[in-house]
Amino acid sequence: MKTNFLFTLVFSFIFLSSVHAQRMAEPGVLGAGIASSYPAYGLSAKYNFTETHAAQLILGGASYGYDSTSFSFGVSGRYLYNFDVLGDSFFFKPYGYAQLSYFTVKYDYYGASDSFNTVGFGLGGGVECEIPDFVEGLTFSGELGYVGGDFGNGIDSFAGLSYGASVHYYFDF
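Here the residue numbering is sequential within each chain, running from 1 through the sequence in written order. At least 70 in pLDDT is required for a residue's local features to be given in this predicted model, at least 80 for side-chain atom pairs to be given and counted, and no such filter applies to totals for whole chains, interfaces and linings, which use all residues. Heavy atoms from the whole structure form the basis of all side-chain values; hydrogens and water molecules are not counted.

Looking at the overall build of the protein
In plain terms, the rule: Numbering of helices and strands runs from the N terminus, with a helix taken as a DSSP run of H or I at least four residues long and a strand as a DSSP run of E at least two residues long. Using a 1.4 Å probe on the protein chains alone, a residue whose accessible area is under 20% of its type maximum counts as buried, one over 50% counts as exposed, and one in between counts as partly exposed. Every residue pair with non-hydrogen atoms within 4.5 Å of one another is taken to be in contact. Note on areas: these come from Shrake-Rupley sampling with a 1.4 Å probe, and a residue is covered only by the protein chains present in the view.
Each helix and strand counted, the protein has one helix and eight strands in total. Each helix and strand of the protein, placed in order from N terminus to C terminus, yields the pattern α-β-β-β-β-β-β-β-β. Counting across all 173 residues of the protein, residues that qualify as buried make up 37%. For the protein, long-range pairs separated by at least 24 residues make up 53% of all intrachain contacts whose partners lie at least 6 apart in sequence. About 10200 Å² of surface is accessible on the protein, with carbon and sulfur atoms providing 66% of the total.

And the structure:
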């Protein structure tokens, strides 16, 4: 397990260091990385259509607080609006987002198995930043928002404060 993780880390560093990086708000760039924004977490891809408009897809798990015998999956699609209040001379950009998600959870409880699905929504905002003179194209972000969804009968709905963090690397195709 440790060998696979080390190999993946070294291969990723070599690959990402050889790809020409672009700034996080330039049109036509793709950011790939990992994101965690309750309840979704996993692999993330961001694409900038323009300097102002972008889209994000988060594909992976979802955390609802059930025990270890549960399986959860989530996919979230987001529209991002990048605010240009500071100009190009700063190394961070604020953004707002609207999110639509699909979540599923399956759990086994004393031999009984059941699964539930929901369509969720979210609204929020955050800040994405680059660290100057670190790795060109590597960004970090933090966000706050509101998220909600209802599984129907059997499992409680979820709604409330959503917080998250992500790391992305932007490159141009």
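Additional details are given in the paragraphs that follow.
Focus on the pattern of salt bridges
For clarity, the threshold we go by: By convention in these notes, a salt bridge is any Lys or Arg side-chain nitrogen within 4 Å of a carboxyl oxygen on Asp or Glu.
Under the counting rule described, the total for this entry stands at three salt bridges. We note a salt bridge from Lys93 to Glu128, for which the minimum N-O separation is 3.3 Å. Taken as a pair, Lys93 in strand β5 (residues 92-109) and Glu128 in strand β6 (residues 112-130) lie far apart in primary sequence, 35 residues in all. Where salt bridges share partners, they join Lys46, Lys93 and Glu128 into one cluster.

Considering the pairing of β5
Our working rule: By definition, two strands form a pair when at least two bridges between them are found by DSSP.
In the sheet, β5 pairs with β6 via 18 bridges, with the strands oriented antiparallel. Across the sheet, the residue bridging to Tyr95 is Gly126, located in β6. Connecting β5 to the next strand, β6, in antiparallel fashion are two residues, including Tyr110 with a positive phi near 50°.

Some thoughts on the nonpolar core
Worth spelling out the cut-off: Working definition of a nonpolar core: buried Ala, Val, Leu, Ile, Met, Phe, Trp, Tyr and Cys residues. They are joined through side-chain atoms within 4.5 Å.
Formed by Ala35, Ala40, Ile58, Ala62, Phe103, Val105, Phe116, Val147, Phe151 and Phe158, the largest nonpolar core amounts to ten residues. Contributions of two or more residues to this core are made by β3 (53-62) and β5.

Overview of the environment of Phe73
With respect to the element layout, Phe73 can be found in strand β4 (residues 70-82). Judged by its relative accessible area of 30%, Phe73 falls in the partly exposed class. Once the C-alpha coordinates of Phe73 and Tyr102 are considered, the two residues, 29 residues apart in sequence, prove to be 8.3 Å apart.

Regarding a nonpolar patch on the surface
Stated formally: Two joining distances apply to patches: 9 Å for like charges and 5 Å for nonpolar side chains (Val, Leu, Ile, Met, Phe, Trp, Tyr), and every residue must have over 30% relative accessible area and no salt bridge.
There is a patch of nonpolar side chains on the surface, built from Leu100, Tyr102, Val119, Phe121 and Tyr146 and spanning about 520 Å² of accessible area. Within the residue set of the nonpolar patch, elements represented by two or more residues are β5 and β6. Within the fold, Phe121 resides in strand β6. Residue classification places Phe121 among the partly exposed positions, given a relative accessible area of 42%.

Overview of the pairing of β3
Two strands pair when backbone bridges link them, and strand β2 (residues 40-48) and β3 are joined in this way by nine bridges, in the antiparallel orientation. Of the residues in β3, the one forming a bridge with Gly42 is Gly60. Here β2 folds back onto β3, and the loop between the two strands holds four residues.

Focus on the side chain of Ser141
Rules: Here a polar contact means two N or O atoms within 3.5 Å. Within protein one must be a hydrogen donor candidate and the other an acceptor candidate, and residues neighboring in sequence count only if both atoms are side-chain atoms.
Positionally, Ser141 belongs in strand β7 (residues 138-149). At 2.4 Å, the side chain of Ser141 forms a polar contact with the side chain of Ser166. Residues within four places of Ser141 in sequence aside, it is in contact with Tyr95, Val127, Glu128, Gly164, Ala165 and Ser166.

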